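Survey of secondary and tertiary structure
Given next are the chains, with one letter for each unit.
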Amino acid sequence: MALIHGGRLTEASRRYGIAPGDWLDLSTGIAPWSYPVPEVPIHVWARLPEADDGLSAAAAEYYGVAAANITALPGSQFAIRELPWAVAAPSGPARVGVPAVGYAEHARAWAAAGHAVVAYDDLAQLLALVDTLDHAVVISPNNPTGEQAAIDTLIVLADKLARRDGLLLVDAAFADCHGELAMDGLPANTIVLRSLGKFFGLAGLRLGFMMGRGPAIAAVGAQLQPWGVSHPARWIGRRALLDLDWQAEQQRRIADGAHSLTTLLDAYFSRQRIVTMGLFVTVFFDDAEQATAVHEALADQAVLTRLGDNRRWLRFGLPGDAPAATRLVTALDVVVEQGRC
Ligand SMILES: Cc1ncc(COP(=O)(O)O)c(C=O)c1O
């Protein structure tokens, strides 16, 4: 069964009878300001990509990792799906710690490969049970809870897992706005995933990276088709990773946007816990009915948010510009008039 993700505008259109172009889509954590993709030369479309095209060097520079330890992927999702199959379990299925609330593809992928998923609530709980696990997944920052792992915590976790030949998978798809998460300081049994989808606003490009070394990395790499990342994706990705001026501007835009959105949502949901994570703000509700009611009331007004699978949280992506922010305010005012927040 397909998992529910944000950004499903066609589905929302059918469900609410609102044309795709009429929505304010706040249901994803993808930056509303995409990297301005330059015109891609015809030879890039026409020719197959080559490994020494400078993409790995650009990624090495941006992520602070040796180029030899970086593998380009058609989105970090590729490694999320493939890694559980690449992890040999010498004595049957492995026990794998996965956040109870987080990007749900992780739990699904480990379970699909026959492993036992052990859900944990937060990093404190993971630290308490890591000695009973074979592998662990940490999403940092976590989407949607915003929890971030300090490098020291990751090192402790990886060292404990290493005693059982286990892996620590760090999904850092949202880490661009949160300082360094360089692999070089992490133990060798750590694999870090990065994405060009979120911070660069290029989710449709399907470009991400896997960082680390060792047999599991090699096994996932072996599943990549020759030319598994398209030549245009590599060409555009390299430019985005090297464009320091645009990145600095994007950091500023995201910080300002997150601040404004948090202030706004605080005013409407003062009784709820609110977590700000740069590219999105999550409101946690005690009452599943209230979260659902707010989500539905906003959707009726063509404002799409992401309702948690447990219906206890609502995630808002950044509106992107003043008219979009005004539209959100107008929609929230209607929700208040209806007595739903
Ligand atoms: C936490 C997290 N990791 C990874 C992904 C996959 O991203 P991509 O395959 O576009 O790199 C997502 C997508 O929403 C995500 O939320």
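Our subject is the structure listed above.
Please read all numbers here as calculations on a predicted model, not as lab measurements.

Scoring rules and cut-offs
- Residues numbered from 1 in each chain as written.
- Predicted model: local features only at pLDDT ≥ 70, side-chain atom pairs only at ≥ 80, totals over all residues.
- Heavy atoms only, no water.
- Pairing = 2+ DSSP bridges.
- Helix = DSSP H or I, 4+ residues; strand = E, 2+ residues; numbered from the N terminus.
- Axes fitted to C-alpha atoms, helices over the stretch in contact; angles between N-to-C directions.
- Contact = heavy atoms within 4.5 Å.
- Buried < 20%, exposed > 50% of the residue type's maximum accessible area, 1.4 Å probe, protein only.
- Phe/Tyr/Trp six-rings, centres within 6.5 Å; stacked < 30°, edge-to-face > 60°.
- Lys NZ or Arg CZ within 6 Å of the ring centre and 35° of its normal.

Next up on the list: the sheet that holds strand β6 (residues 168-171). Read across the open sheet, the seven strands follow the order β2-β8-β7-β6-β5-β3-β4; overall the sheet is mixed. With one partner strand each, in any of the chains shown, β2 (70-73) and β4 (116-120) form the two edges of the open sheet. Taking the axes of each pair of neighbouring strands and ignoring which way they run, one obtains an average angle of 20° across the sheet. By the bridge criterion, five bridges tie strand β3 (residues 95-99) to β4 in an arrangement that is parallel. In the sheet register, G97 faces β4, and the bridge partner there is V118. Helix α8 (residues 215-223) rests against β2, β7 (190-195) and β8 (208-211) of the sheet, and its axis sits at about 150° to β8.

Here we take up the side chain of N143. Mapped onto the secondary structure, N143 falls in the loop between β5 (135-139) and α7 (151-162). Residue N143 is classed as buried on the basis of its relative accessible area, which comes to 11%. Those residues in contact with N143, other than ones at most four positions away along the chain, are G102, Y103, F174, F280 and R315.

Turning our attention to the packing of aromatic side chains. For the coordinates displayed, the defined rule picks out 11 aromatic pairs. Ring geometry for Y16 versus W23: centroids 5.7 Å apart, planes at 70°, classification edge-to-face. An identical accessibility class is assigned to Y16 and W23; each is buried. Its guanidinium or amino end placed over the ring of W235, R239 lies 3.7 Å from that ring's centre, counting from NZ or CZ. Here the basic side chain of R273 rests over the ring of F284, its NZ or CZ set 4.3 Å away from the ring centre.

Along the polypeptide, L55 turns up in helix α3 (residues 55-63). In this structure, the C-alpha to C-alpha distance between L55 and V192, residues 137 residues apart in sequence, is 17 Å. Discounting residues that sit within four places of it in the chain, L55 has contacts with A72, L207, F209, R234, G237, R238 and L241.

The four strands are arranged β9-β10-β13-β12 in an open sheet whose pairing can be described as antiparallel. The open sheet terminates on both sides in strands that have one partner only, identified here as β9 (273-276) and β12 (306-307). Where β9 lies against strand β10 (residues 280-284), four bridges are found, and the strand directions are antiparallel. Paired with R273 across the two strands is F284, which belongs to β10.

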